[in-house]
Amino acid sequence: MSVRPSNESRMRPQEGPATMYEALLFADFLGKPAWMWWTFIAIVIALLVFDLGVLHRENREIEVRESLILSAGYIAMGLGFGAWVWWYLGQQSGVEYVTGFVVEKTLAMDNVFVIAMIFAYFAVPRIYQHRVLFWGILGVIVLRAIMIGLGATLVSQFSWVLYIFAAFLIVTGVKMWVMADKEYDVGSNPLIGWLKRRMRVTEKIEDEKFFVQKPDPQTGKMVRWATPLFLALILIEIADVIFAVDSIPAIFAVTQEPFIVFASNALAILGLRAMYFLLADLIHRFVYLKLGLSLVLVWVGIKMIVSHAVFKIPTAISLSIVIGIIAVSVGASLWVSRGQPRTTPPGEEDPHAVPGASGAASIAAGSTQAPTVMAPADSVPPTTPPTGEESRP
């Protein structure tokens, strides 16, 4: 079904010189009228304000029931927006949006593994995890918008870039398959040591604060210290940028429309917080999920090459294959791991534990005991500030 210009033409002024109003609303921006971008950005901002300002105004733990309702709500909103895309832009755009949304939602499940290990390493209490994820996802949306803009520019100028994207997806998928049994080692990340050598970092979590004012050990003057909560936020941002290098080319394999790529990405990512709290204590049961994700990446890469070099694979078929792979990997995982004891989600351990605990091993092994407190071997231990009056920056 072709794009229906009649809806847009009815809204556009028919006579008279161009006005600022017309330029702001109907000017073409990356292939779509500006009002579509303004409307979508307003929807995203409204959801963020509602989440932080209404639902989670105060720090509290997110229970499984609430996270299930929130996850269902975000998925419903994402699919509802897809229904509007289908109605306004046509069937092909609607199918491409839904496929991109499902692919991004699927690949985001791998983020849950890494986020859980970061929270366990820094001993972030569950009550503060939502705050970190909120600001983390806000930064993620901005970074992905920049990456999608750059990717769209490259694809429009150099169509052969799609083959590079495809090869990268296939190589990444094979690498994920080979390394499926290996765990993400937070402590080996050199960024932790680099940050601690260049910033004052407190030894323990300071409530919900990213920064606190404490005396300098040399001068005694009140100076700003970063907290482990801030380090966790930085690592989550960096981890998502790395994941975006996989997921954004995967959606460009489905469509090259920047609006659909960004909309499907953003609405899928907005529900990542709720997904995390829903799946955090079930991570150990998804034993075949990474194998499934690796097959999705390989398939999307192959589909990109075949569609541009041989014949176009219908998007609906690609969507069915992606859903089938994930359904089989999740179903097989839950069947094989049935009867295993519940794990301790990150943050339910001792809230006074010193960051640097090797919580990843306890999560992967299904242990219900708090992880052993260990300082990272390759990083410089943070300087513990002397006892002093704390205040907000």
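The following refers to the structure shown. Per-chain numbering applies: the sequence of each chain, read as written, is numbered from 1 onward. Whole-chain, interface and lining totals are the exception, using all residues; otherwise, since this is a predicted model, local features are given only for residues with pLDDT of at least 70 and side-chain atom pairs are given and counted only at 80 or more. In computing side-chain properties, one takes all heavy atoms of the structure into account and sets aside hydrogens as well as water.

### Here's the deal with the overall build of the protein
Right, so step 1: A run of H or I in DSSP becomes a helix once it reaches four residues, and a run of E becomes a strand once it reaches two; helices and strands are each numbered from the N terminus. A count of helices and strands for the protein gives 14 helices and four strands.
Right, so step 2: Accessible area is worked out with a 1.4 Å probe on protein chains only. A residue is then buried under 20% of its type maximum, exposed over 50%, and partly exposed in between. Expressed as a percentage of its 393 residues, the buried residues of the protein come to 51%.
Right, so step 3: Should any heavy atoms of two residues lie within 4.5 Å, those residues are counted as being in contact. Pairs at least 24 apart in sequence give 78% of the contacts found in the protein among residues at least 6 apart.
Right, so step 4: Summed over its atoms, the accessible surface of the protein is roughly 18,700 Å², and 66% of this surface lies on carbon and sulfur atoms. Reported accessibility uses the Shrake-Rupley method at a 1.4 Å probe radius. Residues are deemed covered only where the shown protein chains occlude them.

### Describing the packing of aromatic side chains
Right, so step 1: Centres within 6.5 Å make a pair out of two Phe, Tyr or Trp rings, where for Trp the six-membered ring is used; the pair is then stacked when the planes are under 30 degrees apart, edge-to-face when over 60, and tilted otherwise. Enumeration over the complete set of coordinates arrives at 20 aromatic pairs.
Right, so step 2: Where Phe40 meets Phe81, the ring centres are 5.2 Å apart and the plane angle is 55°; that geometry is what we call tilted. Of this pair, Phe40 sits in helix H3 (residues 34-55) while Phe81 sits in helix H4 (residues 64-89), and the two are 41 residues apart along the sequence. There is no split in this pair, since Phe40 and Phe81 are both buried.

### Topic: a nonpolar patch on the surface
Right, so step 1: Two distance rules govern patches: like charges are joined within 9 Å, and nonpolar side chains (Val, Leu, Ile, Met, Phe, Trp, Tyr) within 5 Å, applied only to residues with over 30% relative accessible area and no salt bridge. Put simply, a salt bridge is a Lys or Arg side-chain nitrogen that is within 4 Å of an Asp or Glu carboxyl oxygen. Among the surface-exposed residues, Met20, Leu24, Trp38, Ile41, Ile45 and Val49 lie close enough to one another that they form a single nonpolar patch of about 650 Å² accessible area.
Right, so step 2: With respect to the helices and strands, the residue Met20 is situated in helix H2 (residues 20-26).
Right, so step 3: For Met20, a relative accessible area of 67% gives the class exposed.

### Some points on the packing of helix H9 (residues 228-252) against helix H10 (residues 258-270)
Right, so step 1: In this analysis, axes come from line fits to C-alpha atoms, helices being fitted only over the stretch in contact, and the angle between any two N-to-C directions falls in the range 0 to 180 degrees. One way to put it is that H9 packs onto H10 with a least axis distance of 10 Å and a crossing angle of 135°. On the basis of their axis angle, the class for H9 and H10 is oblique. When you trace H9 past H10, the crossing you get is right-handed. For the pair H9 and H10, the contacting residues are Asp240, Ile248, Ile251 and Phe252 in the first and Val261, Ser264, Asn265 and Ile269 in the second.
Right, so step 2: Only Asp, Glu, Lys and Arg are considered charged, only Ala, Val, Leu, Ile, Met, Phe, Trp, Tyr, Cys and Pro nonpolar, and every remaining residue, Gly among them, polar. In the contact of H9 with H10, the residues fall into five nonpolar, two polar and one charged. When an angle is under 35 degrees it counts as roughly parallel; over 145 it counts as roughly antiparallel; between 65 and 115 it counts as roughly perpendicular; any other value is oblique. By definition, any crossing whose near helix is turned counterclockwise from its far helix by less than a right angle is left-handed, and any crossing with a clockwise turn is right-handed.

### Digging into the pairing of strand S3 (residues 211-215)
Right, so step 1: Judged by how many residues are buried, S3 sits mostly within the fold: four of five residues are covered.
Right, so step 2: Pairing geometry for S3 and strand S4 (residues 222-226), over five bridges, is antiparallel. Across the sheet, Phe211 pairs through a bridge with Ala226, a residue of S4. Between any two strands, pairing holds if DSSP finds at least two bridges.

### So, the environment of Ile248
Right, so step 1: Looking at the element boundaries, Ile248 is found in helix H9.
Right, so step 2: Separated by 97 residues in the primary sequence, Ile248 and Gly151 place their C-alpha atoms 8.3 Å from one another.
Right, so step 3: Setting aside residues no more than four positions away along its own chain, Ile248 makes contact with Arg144, Met147, Ile148 and Asn265.

### A short note on the pattern of salt bridges
Right, so step 1: Per the stated rule, a full pass over the model turns up five salt bridges.
Right, so step 2: With a closest N to O distance of 2.9 Å, Glu257 and Lys32 form a salt bridge. Of this pair, Glu257 sits in the loop between H9 and H10 while Lys32 sits in strand S2 (residues 32-33), and the two are 225 residues apart along the sequence.
Right, so step 3: A residue is classified by how much of its surface remains accessible, and Lys32, at 10% relative accessible area, is buried.
Right, so step 4: Where Glu104 meets Arg144, a salt bridge forms, and the shortest distance between an N and an O atom there is 2.8 Å.

### Some thoughts on the side chain of Glu104
Right, so step 1: With respect to the element layout, Glu104 can be found in helix H5 (residues 91-121).
Right, so step 2: Take Glu104: its relative accessible area is 2%, and that puts it in the buried class.

### Digging into the nonpolar core
Right, so step 1: Take the buried residues of types Ala, Val, Leu, Ile, Met, Phe, Trp, Tyr and Cys, join any two whose side-chain atoms come within 4.5 Å, and each joined set is a nonpolar core. Membership of the largest hydrophobic core comes to 103 residues, with the highest contact counts inside it found for Phe40, Tyr97, Phe122 and Tyr276.
Right, so step 2: Here this core gets 17 residues from one element, more than from any other, and that element is H5.

### With respect to helix H8 (residues 190-198)
Right, so step 1: All of the buried residues in H8 are Ile192, Gly193, Leu195 and Lys196. Seen from one end, H8 has its buried residues packed into an arc of 165°, which puts them on one side. Residues of H8 that are exposed and point more than 90 degrees away from the buried face comprise Pro190 and Arg198.
Right, so step 2: Contacts made by the buried residues of H8 are with H5 and H9. Comment: arc refers to directions from the helix axis out to C-beta atoms.

### Considerations on the packing of helix H6 (residues 126-157) against H10
Right, so step 1: One way to put it is that H6 packs onto H10 with a least axis distance of 10 Å and a crossing angle of 160°. One element, H6, and the other, H10, form an angle in the roughly antiparallel class. Note on packing geometry: the crossing formed by H6 with H10 is right-handed. Residues Ile137, Val140, Ile141, Arg144, Ala145, Ile148 and Ala152 of H6 form the contact with H10, whose own contacting residues are Pro258, Val261, Phe262, Asn265, Ile269 and Leu270.

### Overview of the side chain of Ser333
Right, so step 1: Within the element layout of this structure, Ser333 appears in helix H13 (residues 315-336).
Right, so step 2: Overall, the relative accessible area of 0% leaves Ser333 in the buried class.
Right, so step 3: When near neighbours in sequence (up to four residues on either side) are disregarded, Ser333 contacts Arg285, Phe286, Val287, Tyr288 and Leu289.

### Here's the deal with unusual backbone geometry
Right, so step 1: Phi angles above zero are rare outside glycine, and Ala123 is one such case at about 55°.
Right, so step 2: Turning to its location among the elements, Ala123 is positioned in the loop between H5 and H6.

### Here's the deal with the environment of Trp38
Right, so step 1: Residue position: Trp38 is located in helix H3.
Right, so step 2: Given the relative accessible area of 51%, Trp38 is considered exposed.

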